[in-house]
Structure formats: C-alpha cells, structure tokens
Amino acid sequence: MTTPAIRRSDFLMTLAYATDLATGHSRDFALRSCVVAMRFAEIAGYDRTTRRQIYHQALLRYIGCNADTHLLAAAFGDEIALRRDLQRIDIGNRSELAETIVRAITRRFGDAPPAELAKAVERGLAEAMQVSVPILSGHCEVAQRIAERIGLSAEIRENLGQLYERWDGHGLPRGLSGEAVKLPVRVVTLAQDAIALAEADGLQTMKEMIARRGGGGYEPELANLFIANAQSLMGDFDRPVDRQTILALEPEPHDLLDERACEEAYLAVADMIDMRMPFTFGHSRAVAALCDAAARRMGLPSADIRDIRRAACTHDIGELAVPVSTWMRAGPLTERETDAAHLHPYYGERALAALGGDGKAVAALVLRHHERIDGSGYHRYVRGNDLSPAARILAAAEAFQTAREARPYRPASSDAAAAAKIRAAVREGRLCPDAVEAVLACAGQASRRASAASPAGLTSREIEVLRLIGAGHTAKEAAGLLGIAPKTADNHIQSLYSKIGVTTRAGAALYALERGLLQEAKSAA
Ligand SMILES: [Fe+2]
Ligand SMILES: [Fe+2]
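Residues numbered from 1 in each chain as written. Chains lettered and ligands numbered in written order. Predicted model: local features only at pLDDT ≥ 70, side-chain atom pairs only at ≥ 80, totals over all residues. Heavy atoms only, no water.

Bound to the iron ion (ligand 1) are the protein donor atoms His 283 (NE2), His 315 (NE2), Asp 316 (OD) and Glu 398 (OE), situated 2.0 to 2.3 Å from the metal. The distance between the iron ion (ligand 1) and the iron ion (ligand 2) comes to 3.7 Å, with Asp 316 serving as a donor to both metals. On the criterion of sequence distance, the pair formed by His 283 in helix H14 (residues 283–297) and Asp 316 in the loop between helix H15 (302–314) and helix H16 (324–327) is long-range, its members being 33 residues apart. The burial state of His 283 is the same as that of Asp 316; both residues are buried. (Donors = N, O, S within 2.8 Å, 3.2 Å for Na, K, Ca; no water. Helix = DSSP H or I, 4+ residues; strand = E, 2+ residues; numbered from the N terminus. Buried < 20%, exposed > 50% of the residue type's maximum accessible area, 1.4 Å probe, protein only.)

Using the criterion set out here, one finds 35 salt bridges in the structure. Between Asp 255 and Arg 8 there is a salt bridge, and its shortest N-O distance comes to 2.2 Å. Pair noted here: Asp 255 is in the loop between helix H12 (243–249) and strand E2 (256–257) and Arg 8 is in helix H1 (residues 8–22), with a separation of 247 residues, a long-range link. Residues Arg 467 and Asp 304 are paired through a salt bridge, measuring 2.6 Å at the closest nitrogen-oxygen approach. Here Arg 467, found in helix H23 (residues 460–470), pairs with Asp 304, found in helix H15; they are 163 residues apart in sequence, far enough to count as distant. As far as burial versus exposure is concerned, Arg 467 and Asp 304 are alike and both buried. Residues joined by salt bridges that share partners form a network here, namely Glu 259, Glu 263, Asp 292, Arg 296, Arg 309 and Arg 310. (Salt bridge = Lys/Arg side-chain N within 4 Å of Asp/Glu carboxyl O.)

This part takes up the packing of aromatic side chains. Counted by the stated rule, this structure contains four aromatic pairs. Pairing Phe 11 with Tyr 266 gives two aromatic rings, centres 5.0 Å apart and planes at 90°, and the pair type is edge-to-face. Linking Phe 11 in helix H1 with Tyr 266 in helix H13 (residues 259–274), this pair joins segments that are 255 residues apart in sequence. Residue Phe 11 is classed as buried on the basis of its relative accessible area of 3%. For Tyr 266, a relative accessible area of 3% gives the class buried. (Phe/Tyr/Trp six-rings, centres within 6.5 Å; stacked < 30°, edge-to-face > 60°.)

Another aspect to go through is the nonpolar core. A general tendency of soluble globular proteins is for nonpolar side chains to be buried together. Residues Phe 226, Met 234 and Ile 393 are the most contacted members of the largest nonpolar core, which totals 114 residues. Counting residues per element, this core draws most heavily on helix H9 (residues 183–213), at 12 residues. There are two domains that each give this core at least three residues, and those are domain 1 (8–245) and domain 2 (257–453). Residues Val 465, Ala 478, Leu 482 and Ala 489 belong to the second largest nonpolar core, which totals 20 residues. (Core = buried A, V, L, I, M, F, W, Y, C linked by side-chain atoms within 4.5 Å. Domains from an automatic or database assignment.)

Here we come to the coordination of the iron ion (ligand 2). Protein coordination at the iron ion (ligand 2): the donors are Asp 316 (OD), His 344 (NE2), His 369 (NE2) and His 370 (NE2), at 2.1 to 2.2 Å from the metal. Relative to the metal, the four donor atoms surrounding the iron ion (ligand 2) lie at angles of 85 to 175°, and the coordination shape comes out irregular. Each donor residue of the iron ion (ligand 2) lies on one chain, and together they are spaced D-x27-H-x24-H-H. For Asp 316, a relative accessible area of 3% corresponds to the buried category. (Tetrahedral: all angles 85-135°; square planar, octahedral: opposite > 155°, others 65-115°.)

Its place among the elements puts Gln 401 in helix H20 (residues 389–403). Ignoring anything within four residues of it in the chain, the contact list for Gln 401 reads His 283, Ala 286, Val 287 and Leu 290. (Contact = heavy atoms within 4.5 Å.)

Taken as a whole, the largest pocket encloses approximately 800 Å³ of empty space. If you go around the largest pocket, you meet 33 residues; those closest to its centre are His 370, Tyr 378, Thr 402, Tyr 409 and Arg 410. Listed by contribution, the elements that provide at least two residues to the lining of the largest pocket are H16, helix H17 (335–342), H20 and helix H21 (415–427). Residue contributions to the lining of the largest pocket peak at four residues, all from H20. (1 Å grid on protein atoms, 1.4 Å probe; cavity = no way out; pocket = protein on both sides within 12 Å on 5 of 7 lines; lining within 4 Å. Points joined across faces, edges and corners; volume = space filled by probe spheres on them.)

Bringing the packing of H13 against H14 into the picture now. Running from amino to carboxyl end, H13 crosses H14 at an angle of 135°, the nearest separation of the two axes being 7 Å. Taken together, the axis directions place H13 and H14 in an arrangement best described as oblique. Together, Leu 267, Ala 270, Asp 271 and Asp 274 of H13 and His 283, Ser 284 and Arg 285 of H14 make up the contact between the two elements. Taken together, the residues of the contact of H13 with H14 break down into two nonpolar, two polar and three charged. (Axes fitted to C-alpha atoms, helices over the stretch in contact; angles between N-to-C directions. Parallel < 35°, antiparallel > 145°, perpendicular 65-115°, else oblique. Nonpolar A, V, L, I, M, F, W, Y, C, P; charged D, E, K, R; others polar.)

On to empty space enclosed by the protein. Evaluated as defined, the whole model comprises five cavities of 30 Å³ or more. Looking at the largest cavity, its volume works out to about 730 Å³. Along the wall of the largest cavity there are 36 residues; nearest its centre are Tyr 62, Leu 86, Ile 91, Leu 136 and Tyr 164. Elements with a contribution of two residues or more to the lining of the largest cavity: helix H4 (69–76), helix H5 (79–88), helix H6 (94–108), helix H7 (114–149) and H9. Grouping the amino acids of the lining of the largest cavity by side-chain chemistry returns 19 nonpolar, 10 polar and seven charged. Within this model, the second largest cavity holds a volume of roughly 50 Å³. Ile 273, Asp 274, Arg 276, Met 277, Thr 280, His 283, Asp 316, Glu 319 and Leu 320 are the residues that line the second largest cavity. Residues of the lining of the second largest cavity, tallied by class, amount to three nonpolar, two polar and four charged.

Printed below as a string of structure tokens:
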C-alpha cells in the first residue's frame with residue numbers, strides 16, 4: 001500500500017498539542033492562538049509571507065521548551081505549575097516575577113522548616129537569572145533545530161529563536177528590543193498573552209492589562225489595534241478549534257511531508273520528547289530501532305512496520321503532561337502522581353489522533369504501549385486480544401530499552417539482565433513470547449527460538465489480506481486496495497486459510513480479532 005503524504009500542518013498540530021501539555025497551557029491553546037493571531041494579521045493587512053510566519057510562530061512557539069527541563073525542575077520544582085503562573089504575569093515587571101519565583105520555591109520546599117525555606121527563597125531569587133538564561137537560550141536553539149529538521153524556512157526559525165524577547169528589551173535571553181524583535185514574534189506574544197489573560201480574568205480585564213503593558217512587553221501600535229478589535233479577535237477565544245480550521249488557515253504553500261520528510265519529522269519529535277530529562281536521551285529512537293528490526297523479523301506488513309516505528313518515536317509524547325519533578329523522583333510516587341503518570345499513553349494518543357493520514361493507527365499503538373497481555377498494564381488494562389503483533393512488539397521493545405537505561409530510582413540493567421527481566425515477564429504471561437524473542441534477537445541477545453515467526457507463519461502480504469477480509473472487505477475489494485490482481489488475492493486467501501486452519505471469512509475474521517490484527521485497522525478507519 002502506498003503511504004499518503006501528510007500535511008506538515010498536521011504534524012505541527014501534534015507538536016502544538018504536546019507543548020500545550022508541557023507548558024501548562026489550556027487545551028488547544030496554541031491552536032486558538034493561531035486563530036486569533038491570523039485574524040489579527042488579516043485586520044492589520046500583513047502580506048502572505050508575514051502571515052505564514054505568524055501561523056508557524058503561534059503553533060510552534062514552545063517546541064524547544066522541553067530542553068533541560070530537569071534543570072528548571074531542580075531549581076523551581078513543578079515546572080508546569082511555574083509556567084502556568086508565568087503566563088499571566090508581566091515578566092518585565094521584576095516584582096511580579098520575583099513573587100512568582102517565590103511561589104514556585106515555596107511549592108518546592110513547602111515541607112522544609114521555615115528557616116530552610118527562607119534560605120531556599122533567598123538563594124532562588126539570587127540565582128534565578130543565572131539559572132534561567134542558559135535554559136531559555138537552550139529553548140530557543142532547540143526550537144530552531146527542530147524547525148530545521150521538519151523543513152521550515154530560515155525566517156520561521158529565526159522567529160522561534162526570539163520566543164521570549166520583548167518590545168521593551170526586558171525579554172530573555174538576548175534582551176532584543178523594538179523592531180529587532182521580529183513582527184511575527186511581537187504579534188504572537190501579544191495574541192498568546194491575550195488568551196492567557198482572558199482565560200484568567202475575562203475579556204475586559206485582558207484589554208486593560210494589554211493597554212497597560214503597551215510600550216512594555218508589546219509594541220504600542222499593535223496593542224492599540226488589538227484592543228480596538230478585541231471583540232472580533234477574541235469573542236470566541238475559549239471555543240475548541242478543529243483540525244480543518246487550522247489547515248484552512250495556513251497561507252499557501254500547503255507543504256506536504258513525503259515519506260522521508262515524515263520519518264525525519266517523527267525522529268525530531270522523538271528527540272524533543274527525550275531531551276526533557278538526561279536519563280531519557282535517545283530512549284524513543286532506540287525503541288524505534290528495536291521495533292523496526294523486530295517487526296521486520298516477524299514479517300509484519302510494511303505499513304505496520306512504518307506505523308510501529310512512528311509510534312515508537314512518539315510513544316512517550318504524553319509524558320510531557322506530567323511534571324519532570326515527578327519523573328525525577330527517586331522515592332515512590334504518591335497515588336495521585338502515579339495516576340497522572342499512568343495517563344501518559346492516553347495523552348499521547350490524543351496528541352497523535354490529530355494527525356491526518358495514518359495518524360490514528362500510530363495513535364492506537366501509542367495508546368497501548370504499557371498494556372500487557374494479562375491485563376496487568378495500564379491505563380485501560382486491556383488484554384491480549386486487544387494487542388496486535390505490532391502493539392506487542394512495541395511493549396516488549398519499550399520494556400527492554402527502559403530496563404537498560406538508568407532511572408532516578410534504579411541503575412541501568414546490563415543487556416543480559418534486561419533480557420532476563422522481559423523473559424520473566426513472558427513467563428508471567430505479561431509480554432508476548434514471539435515479540436520478546438524478536439526484540440532480543442534484534443538487540444543481539446541469543447534467541448531462544450529458531451525464528452520469532454509471524455502468527456501461524458503468515459507472510460506480510462497474507463497478514464494484509466487477512467486484515468482486510470477480517471474487516472469485511474471482499475477478496476476483490478482487498479485486491480483493489482492492495483493493488484494486486486483478484487486472482488492473486490484469492491491465492492493469498494486460500495494460503496492463509498490453510499495456515500490458520502479456517503475455511504470461512506468469518507473464521508478468518510475471528511482469528512484476526514483474537515490476535516489483535518484488526519486493532520490498528522479499526523482505529524485507522
Ligand atoms: Fe518509553
Ligand atoms: Fe511510556
């Protein structure tokens with residue numbers, strides 16, 4: 001089957017969703033800011049090139065903000081709560097900023113004796129700039145690099161390098177001022193602050209705050225134009241925004257990502273997710289490489305191999321919703337923290353579901369990456385019949401790779417010890433033996449099986465045919481969808497029937513259902 005190219009904007013929406021989670025913004029914040037900023041651009045009469053830059057700045061402003069989050073968390077505790085507090089204040093106002101920092105440190109050291117807390121506050125205030133400037137510089141640089149890897153222009157990348165700069169020069173890290181701060185940056189900062197302020201205190205207060213900050217954080221002329229048109233720009237600011245709206249807003253050209261560009265974009269997202277904490281660096285890439293090799297070894301169809309690789313790159317994107325301070329904890333998590341952590345596959349699925357093309361199949365795998373055959377995984381506690389071969393490989397590869405990486409509460413296992421651990425999970429009925437052996441063989445561990453075969457020794461083409469007829473397609477329709485002759489499809493059907501020991505389409509459908517072979521197809525429908 002050929003892979004349809006996807007709109008790059010679809011990809012940007014996934015990134016926008018993920019960064020909204022990571023920065024404590026409200027649902028669809030970046031998408032809604034894109035709508036508001038593009039309306040503003042229309043009113044202001046900006047040309048297509050400027051509108052295009054504004055569009056991208058609104059969706060991607062925070063894509064670099066995941067870098068070095070552990071340093072932010074070490075200094076200020078729950079970084080998502082801190083970022084939420086920062087959204088509403090005027091960062092150029094030193095007393096508001098100091099108050100926010102004190103609140104964060106108090107949250108972080110709240111249990112400490114008063115004298116110790118006072119010391120921590122004093123130290124935090126003294127070191128705030130020293131800690132923040134390198135981190136914010138890193139955010140700018142990482143945002144630019146990710147933008148380059150997903151193929152965005154030099155102008156868009158330059159804007160992303162200025163995300164914290166302000167009109168009055170009190171921004172960070174370079175303290176640019178006036179028109180040295182690019183117009184798309186000035187517009188998007190204004191639109192995003194307006195939404196955050198309106199969410200906190202309503203439209204009227206938002207207008208007053210924006211007016212007060214004109215000449216400070218915002219260019220006076222832009223602030224005045226915004227306030228004069230606040231109703232038409234922001235009247236529906238809290239309504240959800242759908243995918244079609246964002247796609248339609250993109251000024252031409254509507255770039256498509258071909259297969260190769262898509263692969264690179266997925267790897268860029270993998271790196272973005274993993275660079276949040278030092279112990280996850282390279283995690284998603286490594287899981288993707290294992291999944292790719294194991295899926296080939298098991299003879300999965302090429303579309304499944306592509307989907308599992310992409311799912312592996314993005315499987316932990318939902319982790320961004322959970323503060324780094326939780327993941328960095330060396331001691332046990334509270335029940336509430338565990339619940340939040342266990343929801344990361346759900347948030348991941350939601351982020352990816354926005355993708356066009358085959359996004360739903362990828363999302364379905366992400367949703368299941370911590371599920372186990374005996375129902376002991378999370379977060380939906382599904383069992384084996386809901387887990388396709390691809391889902392089983394992803395679960396095995398993820399468990400193996402995680403075991404050989406260090407975590408704050410345990411050291412890294414050797415490859416042999418990690419292999420023993422996931423083989424134990426097979427014996428306990430939690431992980432699929434075929435998937436585990438395929439992963440281990442691909443990781444250079446001696447395989448305990450001659451070959452970790454696909455179900456019943458089906459070829460990848462037979463699995464594709466089985467999936468289609470299992471989903472209710474006739475042999476002729478399956479032939480058409482796969483671009484093969486009906487006679488060839490018939491031959492595949494006869495061969496697969498005999499391999500799985502059935503004689504009817506219904507029997508084949510049940511077989512496919514029981515082995516989870518229909519899950520991704522169903523989710524993608
Ligand atoms: Fe993971
Ligand atoms: Fe995970």
